[in-house]
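Residue strings, one per chain:
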Amino acid sequence: MRLRLALAGCVVMGCALAGRSFAWASGRRKRLLERTLDALKMLRMQIVHFLEPLEEALRRSEFPLFVQTAGQLPACRGALEAWKQVMDRETRRGGAADSLRRRELDALERLFERLGESGRAAQDDAIRACAALIEEALSEARVQSEQADRLYTSMGLLLGLAIAVLLI
């Protein structure tokens, strides 16, 4: 009987942890949007205030997608082309940007259309507009992440308890 109780306890814990794992995965979009927003703030500071060239400003943002875009810039005709090359690779399943939705991707694409192609004020406006859209998406992603966290954790625990009852 003790063995069955220990096994039931392990099953309950395992299922609860599996639920937490699903919840963590569902929060991936939220974490990516938070990092994107931070990178946009850094990019704005580098371009507008420090007057850094685009390639250097992208590298200093320390955001992997922007750093990869900076690496593509010398071989491309512009920032948009470099961004599209990075996104072609990173939006595939398992890529760094696979959790971004079309709305966020479109906002970032509009940003990269204007980066390096216009004056400082226009680039500042483009970064601000993109950041506003990302903030809006982030608030939506936070709500979804909280809901998924509660749902998956509870479901994992309940499933574990159901299996434990069957074992005992």
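Residues numbered from 1 in each chain as written. Predicted model: local features only at pLDDT ≥ 70, side-chain atom pairs only at ≥ 80, totals over all residues. Heavy atoms only, no water.

Chemist: Would you explain the overall build of the protein chain in this entry?
Modeler: Tallying secondary structure elements over the protein chain gives 7 helices and 0 strands in all. Each helix and strand of the protein chain, placed in order from N terminus to C terminus, yields the pattern α-α-α-α-α-α-α. Rg of the C-alpha trace for the protein chain: 22 Å, well past the compact-globule value of 15 Å for 168 residues, more than 25% over. Dimensions of the protein chain, computed from the C-alpha atoms along their principal axes, are close to 75 × 30 × 25 Å. (Helix = DSSP H or I, 4+ residues; strand = E, 2+ residues; numbered from the N terminus. Rg over C-alpha atoms; globule rule 2.2 N^0.38 Å.)

Chemist: Would you explain the environment of Arg-110 in this entry?
Modeler: Structurally, Arg-110 is set in helix H6 (residues 102–114). For the pair formed by Arg-110 and Asp-88, sequence separation is 22 residues and the distance between their alpha carbons is 16 Å.

Chemist: Hey, could you run me through the pattern of salt bridges in this one?
Modeler: A pair can form between side chains of opposite charge whenever their charged atoms are brought close. Taken as a whole, this structure holds 17 salt bridges when the rule is applied. A salt bridge links Glu-109 to Lys-84; the nearest nitrogen and oxygen atoms lie 4.0 Å apart. One end of the pair, Glu-109, is in helix H6; the other, Lys-84, is in helix H5 (residues 79–90), with 25 residues separating them in the sequence. On the accessibility criterion, Glu-109 (24% relative accessible area) is partly exposed. (Salt bridge = Lys/Arg side-chain N within 4 Å of Asp/Glu carboxyl O. Buried < 20%, exposed > 50% of the residue type's maximum accessible area, 1.4 Å probe, protein only.)

Chemist: When you look at the side chain of Ser-99 in this model, what are you seeing that I'm missing?
Modeler: Along the polypeptide, Ser-99 turns up in the loop between H5 and H6. The residues contacting Ser-99, other than those within four sequence positions of it, are Arg-28, Arg-29 and Leu-32. (Contact = heavy atoms within 4.5 Å.)

Chemist: Mind showing me how you'd approach the packing of helix H2 (residues 28–49) against H6 here?
Modeler: Relative placement of two packed helices is described by the angle separating their axes and the distance separating the axes. Packing of H2 against H6 brings their axes to within 13 Å, and their N-to-C directions diverge by 15 degrees. Here H2 is positioned roughly parallel relative to H6, judged by the angle of their axes. H6 is crossed by H2, and the crossing has left-handed handedness. When H2 is examined against H6, the residues Arg-29, Leu-33, Thr-36 and Leu-40 are found in contact with a partner set consisting of Arg-103, Glu-104, Leu-108 and Leu-111. Counted by class, the contact of H2 with H6 contains 4 nonpolar, 1 polar and 3 charged residues. (Axes fitted to C-alpha atoms, helices over the stretch in contact; angles between N-to-C directions. Parallel < 35°, antiparallel > 145°, perpendicular 65-115°, else oblique. Left-handed = near helix turned anticlockwise from the far one by under 90°. Nonpolar A, V, L, I, M, F, W, Y, C, P; charged D, E, K, R; others polar.)

Chemist: So what exactly am I meant to see when it comes to the packing of aromatic side chains here?
Modeler: Aromatic ring pairs are described here by two measures, namely the spacing of the ring centres and the angle between the planes. Inspection of the entire model under this criterion finds 5 aromatic pairs. Arranged with centres 6.0 Å apart and planes meeting at 65 degrees, the rings of Phe-66 and Trp-83 form a pair that is edge-to-face. Here Phe-66 is found in helix H4 (residues 64–72), whereas its partner Trp-83 is found in helix H5, with 17 residues between them in sequence. Residue Phe-66 is classed as buried on the basis of its relative accessible area of 0%. Given a relative accessible area of 1%, Trp-83 falls into the buried group. (Phe/Tyr/Trp six-rings, centres within 6.5 Å; stacked < 30°, edge-to-face > 60°.)

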